[in-house]
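Okay, here's what each chain looks like letter by letter:
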Amino acid sequence: MGEIGRLITAMVTPLHEDGSVDYGQAKALARALLDSGSDGLVISGTTGESPTLTKDEKLRLFAEVKEVAGDHALIAGTGTNNTAASIDLTQAAEGQGVDGALLVVPYYNKPTQEGLYRHFSAIAASTRLPCMLYNVPGRTVTNLSSETVLRLSGIPNIVGVKEGSGDLDQIGAIVDGVNRPDFHVWSGDDKDNFAIMRRGGYGAVSVASHLAGRQIQEMFQLCIAGRYKEAEAIQNRLAPLIRDLFVITSPIPVKHALNYIGFPVGGCRLPLTEADEKSAAIVEQTVRETTVDLSLPSATSPARR
């Protein structure tokens, strides 16, 4: 299994005005993100509007972005709340040459911890891909407990967890309890990036890295070097951006920010909408006050004038 990397961007899915997927712009965005600090990408995660993408759209996205990812890890969001459908999509994604699978905790049907264990075990057994678990109870309702994560860590191709619970005690229990060096904990919420790294985490699956990838990567490297005061200063500097990229439901703000700086990614598919006027103004002001790392196709964006 190859190295997934410390900083993974949960990439938005660019759309045309008519709502169809803009595959060309997806490839351009992938290149720009990988050039601005990201070690890899998650395609068709929640930030990529996976609930509204068809299976065919997802598979084409995996194939198209893989063409430009090179040696960088391309992680396919293949987890759903249907175990059989998750297996089917994971196997199809493996056929497109992706490097790993992101498996979210099943949403809405509220499985037990035993159900979660069997769900993830079944998907992992169906593929040779490295599998990253994704715990985000704010969206799924159900929390993937540290005990269940540690139990799942005994499965060789389950290589870590994206932890978005915000529970640092739970995250610490995972870090302390895992006894294999290739099982990692990635932050699933940018506001916790430094805290999780300080607690022994490995990196992050990030939204803010669309705009501040180099800075987040620098923060990680400072943590690795034990220079926590300097690392925390970067986290604090990025705090307004991280906060305002969630001023309303993600990925609405980050898509608005990318469009605003001159990297068009279109709007969102219903039931998500465009940013309201107040939220748009908040995002735009924060972007103007933040050093943006993303390489733009032109230098004429409002934030760069």
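Attention here is on the structure that accompanies the text. A quick note: this is a predicted structure, and the numbers were derived from the prediction, not measured.

About the thresholds
- Residues numbered from 1 in each chain as written.
- Predicted model: local features only at pLDDT ≥ 70, side-chain atom pairs only at ≥ 80, totals over all residues.
- Heavy atoms only, no water.
- Helix = DSSP H or I, 4+ residues; strand = E, 2+ residues; numbered from the N terminus.
- Rg over C-alpha atoms; globule rule 2.2 N^0.38 Å.
- Buried < 20%, exposed > 50% of the residue type's maximum accessible area, 1.4 Å probe, protein only.
- Contact = heavy atoms within 4.5 Å.
- Areas by Shrake-Rupley, 256 points an atom, 1.4 Å probe, with all protein chains shown as cover.
- Lys, Arg positive; Asp, Glu negative; His and termini not counted.
- Charge placed at Lys NZ, Arg CZ, Asp CG, Glu CD.
- Phe/Tyr/Trp six-rings, centres within 6.5 Å; stacked < 30°, edge-to-face > 60°.
- Core = buried A, V, L, I, M, F, W, Y, C linked by side-chain atoms within 4.5 Å.
- Expected span 1.5 Å × (residues − 1).
- Bend = angle between axes of the 7 residues up to and from the residue.

Here's the deal with the overall build of the protein chain
In step 1: Broken down by element type, the protein chain carries twelve helices and eight strands.
In step 2: Relative to the compact-globule value of 19 Å for 305 residues, the protein chain shows a C-alpha radius of gyration of 18 Å, a close match.
In step 3: Here the protein chain holds 305 residues, and the buried ones make up 56% of them.
In step 4: Partitioning the contacts of the protein chain with sequence separation of at least 6, the portion at a separation of at least 24 is 73%.
In step 5: When the accessible surface of the protein chain is summed, it comes to about 12700 Å², and 49% of that surface belongs to carbon and sulfur atoms.
In step 6: Within the protein chain, one finds 28 positive and 35 negative side-chain charges whose respective centroids are separated by 1 Å.

Regarding the packing of aromatic side chains
In step 1: Under the criterion given, the structure shown has two aromatic pairs.
In step 2: Both rings, one in W186 and one in Y202, keep their centres 5.7 Å apart while their planes meet at 85 degrees; by these two values the pair is edge-to-face. Placement of the pair is W186 in strand β7 (residues 184-187) and Y202 in the loop between α8 (193-198) and β8 (203-206), with a sequence separation of 16 residues. Both residues of the pair, W186 and Y202, belong to the buried class.

Describing the side chain of T13
In step 1: Following the sequence through the fold, T13 ends up in the loop between β1 (7-10) and α1 (23-35).
In step 2: Discounting chain neighbours no more than four positions away, the residues touching T13 are V21, T47, G48, E49, L53, L61, K255 and V265.

Digging into the nonpolar core
In step 1: Counting 79 residues, the largest nonpolar core has M11, L41, V65, L211, I261 and L294 as its most contacted members.
In step 2: Counting residues in each nonpolar core, the second largest holds 15 residues, with I4, A73, Y134 and Y202 among its members.

Overview of helix α9 (residues 209-224)
Working note: α-helix, 3.6 residues per turn, so residues spaced by three or four point in the same direction.
In step 1: The end-to-end C-alpha separation of α9 is 19 Å, well short of the 22 Å expected for 16 residues at 1.5 Å each.
In step 2: The largest bend in α9 amounts to roughly 40 degrees and is located at Q215.
In step 3: Among the 16 residues in α9, twelve count as buried, and that is most of the element.
In step 4: Turning to α9, its buried residues number three or more, namely S209, H210, L211, A212, G213, Q215, I216, Q217, M219, F220, L222 and C223.

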